[in-house]
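Listed below are the residues making up each chain.
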Amino acid sequence: MKIIIFTSNMIKSLPEITNSLGSEDERHLASPFMESADDHFRMLASIVEHSSDAIISKDLRGIIKSWNAGACQVFGYTEEEAVGRSITMLIPPDRQEEEQMILNRIYRGEAVKHFETIRVKKDGTLLPISLTISPVKNSKGGIIGASKIARDISDKVQLQQQLQEYAEKLKESNAHKDEFISIASHELKTPLSSIKAYLQLMERELKEEQHQQYVNRMLHHVEKVTRLVSELLDISRIQSGKLEFNFSEFDFAEFLSEGIDSVRQTSQTHQILVEGPLPELTLYADRHRLEQVLINLISNAIKYSPDADKVIVRAKKEAAQLLVSVQDFGIGIPDTEWKNVFSRFYRVAGLPAHIQGLGMGLYISNEIINGHRGKMWVESELGKGSTFYFSLPLP
Ligand code: ATP
Ligand code: MG
């Protein structure tokens with residue numbers, strides 16, 4: 001419902017308009033200009049009269065001068081009840097100062113656009129509306145009044161409230177989900193450690209090679225589940241802002257070789273090459289967490305290049321930064337997805353079914369690098385391969 005309020009000097013009643021045009025004959029004999037003015041006013045009066053929008057006129061003191069059928073419908077007052085009363089009867093007690101504020105702006109010649117406010121109906125119910133008020137000037141430029149257009153925005157407000165409720169519910173259920181992930185991961189951690197310890201004992205005690213191999217495979221799977229659980233725990237730590245870092249000083253080259261060695265042991269398909277001389281420097285960082293990043297990147301490089309046989313790691317000092325990159329020759333990532341891959345639980349659509357994952361590795365890695373005031377990004381070409389980079393500020 002649209003409500004339009006005109007000032008009294010803009011709209012004259014139909015008899016007033018007709019009278020101003022003189023006698024019947026005079027009007028009949030009037031020039032085409034007079035006839036078109038008559039038509040024009042008749043049209044205006046008809047719009048006012050038959051509009052389902054509330055159209056109200058008031059003088060500059062705020063006294064209601066006319067009140068159409070739409071206004072009756074919207075505000076609940078009849079024309080007799082409204083005309084002659086102050087427009088402030090439509091303004092709730094706690095918003096009375098609005099009329100003065102609006103008038104002040106009109107006096108200054110300023111318009112008020114899409115002012116969202118509340119008006120009160122005869123039965124006391126509140127009605128959210130959007131007001132647009134513009135000053136009306138006479139031919140000499142003097143302000144003689146204001147035109148007001150008010151739009152009923154109850155539907156919009158209701159929709160906003162609903163959206164807010166949904167957002168709150170979503171936030172709540174997200175918090176429950178995060179809490180569940182956190183508790184479940186904690187509960188899984190202890191039995192997994194026991195299974196791993198007993199399997200290691202068994203592996204040592206068993207005499208038959210084949211039995212040892214079985215246990216070895218079991219250990220491998222337990223390792224995978226353990227990593228998954230600890231990544232889930234990391235995610236819930238990030239969500240609750242509790243991902244902590246233990247900073248210490250260590251040699252970068254030694255750290256890199258150790259990290260690479262630990263992945264080499266698990267990959268029979270790819271060679272992990274270090275290209276170029278490694279910069280000699282001491283890092284002040286969380287060694288365990290940085291190793292997690294390096295392993296994540298190399299594991300991804302292997303996982304997403306099933307037809308390739310090598311991964312190249314590079315590192316160099318650039319200005320006051322350490323720049324590390326991991327390059328693969330695999331499936332690649334479309335450029336529209338370069339940013340998305342660092343989002344939580346995000347996986348690029350259309351991955352081959354046999355390449356599994358939960359979309360956690362890069363999200364955690366990126367958070368770890370952010371925690372070191374560094375940056376992480378990717379450059380890639382579909383079908384040719386990807387290079388993941390991270391940079392760390394050096395002292
Ligand atoms: P998780 O690491 O939790 O086991 P994941 O490998 O799917 O699972 P991320 O490591 O976070 O999750 O990677 C997110 C997504 O980015 C992947 O699902 C994949 O679509 C894409 N991606 C990551 N690394 C590469 C890569 N080297 N080449 C091509 N795509 C990659
Ligand atoms: Mg991964």
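Residues numbered from 1 in each chain as written. Chains lettered and ligands numbered in written order. Predicted model: local features only at pLDDT ≥ 70, side-chain atom pairs only at ≥ 80, totals over all residues. Heavy atoms only, no water.

Some words on helix 11 (residues 361–371)
Then step 1. Among the eleven residues in helix 11, eight count as buried, and that is most of the element.
Then step 2. By the burial criterion, the buried members of helix 11 are Gly361, Leu362, Tyr363, Ile364, Ser365, Asn366, Ile368 and Ile369.
Then step 3. In the core, the buried residues of helix 11 are packed alongside helix 8 (209–239), helix 10 (287–303), strand 12 (375–381) and strand 13 (385–393).
Then step 4. Arg373 sits one or two positions beyond helix 11 and adopts a positive phi of about 60°. (Buried < 20%, exposed > 50% of the residue type's maximum accessible area, 1.4 Å probe, protein only. Helix = DSSP H or I, 4+ residues; strand = E, 2+ residues; numbered from the N terminus. Contact = heavy atoms within 4.5 Å.)

Some points on the pattern of salt bridges
Then step 1. Under the counting rule described, the total for this entry stands at 17 salt bridges.
Then step 2. Notably, a salt bridge pairs Glu110 with Arg105, separated by 3.3 Å at the nearest N-O pair.
Then step 3. Given a relative accessible area of 28%, Arg105 falls into the partly exposed group.
Then step 4. By relative accessible area, which is 30% here, Glu110 ends up partly exposed. (Salt bridge = Lys/Arg side-chain N within 4 Å of Asp/Glu carboxyl O.)

A closer look at the site of ligand 1
Then step 1. Around ligand 1, a shell composed of 21 residues is seen, among which Asn300, Asp328, Arg347, Met360 and Leu362 lie nearest.
Then step 2. A distance of 2.8 Å separates an oxygen atom of ligand 1 from a polar side-chain atom of Asn300.
Then step 3. Contacts to ligand 1 include Ser386, whose side-chain N or O atom sits 3.5 Å from a nitrogen atom.
Then step 4. Burial of ligand 1 by the protein chains amounts to 98% of its free accessible area of 590 Å².
Then step 5. Elements supplying a minimum of two residues to the shell around ligand 1: helix 10, helix 11 and strand 13. (Near = heavy atom within 4 Å. Polar contact = N/O pair within 3.5 Å; in protein donor to acceptor, adjacent residues only side chain to side chain. Areas by Shrake-Rupley, 256 points an atom, 1.4 Å probe, with all protein chains shown as cover.)

Topic: the side chain of Ser236
Then step 1. Here Ser236 lies in helix 8.
Then step 2. Within the structure, the side chain of Ser236 is placed 3.0 Å from the backbone oxygen of Leu233, a separation counted as a polar contact.

Quick word on the confidence of the model for the protein
Then step 1. Model confidence for the protein is summarised by a mean pLDDT of 86, while 91% of its residues fall at 70 or above.
Then step 2. Counted against residues more than four places away or in other chains, residues 6–33, with its pLDDT under 50, gives 32 contacts. (pLDDT = per-residue confidence, 0-100.)

A look at the sheet that holds strand 10 (residues 310–318)
Two modes of strand pairing occur in sheets, parallel and antiparallel, and in both the strands are linked by backbone hydrogen bonds.
Then step 1. Reading across the sheet, the five strands line up as 8-10-11-13-12 and stay open at both edges, with mixed pairing between neighbours. What marks the edges here is a single partner per strand, and that holds for strand 8 (271–274) and strand 12. Neighbour-to-neighbour, the strand axes of the sheet open up by a mean angle of 15°, direction not taken into account.
Then step 2. Here strand 8 runs beside strand 10; their pairing, made up of four bridges, is parallel. Its bridge partner being in strand 10, Gln271 is matched across the sheet by Lys310. (Pairing = 2+ DSSP bridges. Axes fitted to C-alpha atoms, helices over the stretch in contact; angles between N-to-C directions.)

What about a nonpolar patch on the surface?
Then step 1. On the surface, Leu159, Leu163 and Tyr166 cluster together into a nonpolar patch covering about 350 Å² of accessible area.
Then step 2. Within the secondary structure, Leu163 sits in helix 7 (residues 154–205).
Then step 3. Note on Leu163: relative accessible area 54%, which makes it exposed. (Patch = residues over 30% accessible without salt bridge, like charges linked within 9 Å, V, L, I, M, F, W, Y side chains within 5 Å.)

Quick notes on the nonpolar core
Then step 1. Among the nonpolar cores identified, the biggest contains 44 residues, and Phe252, Leu283 and Ile298 are the most heavily contacted of them.
Then step 2. With 22 residues, the next largest nonpolar core counts Ala54, Trp67, Ala71 and Val112 among its residues. (Core = buried A, V, L, I, M, F, W, Y, C linked by side-chain atoms within 4.5 Å.)

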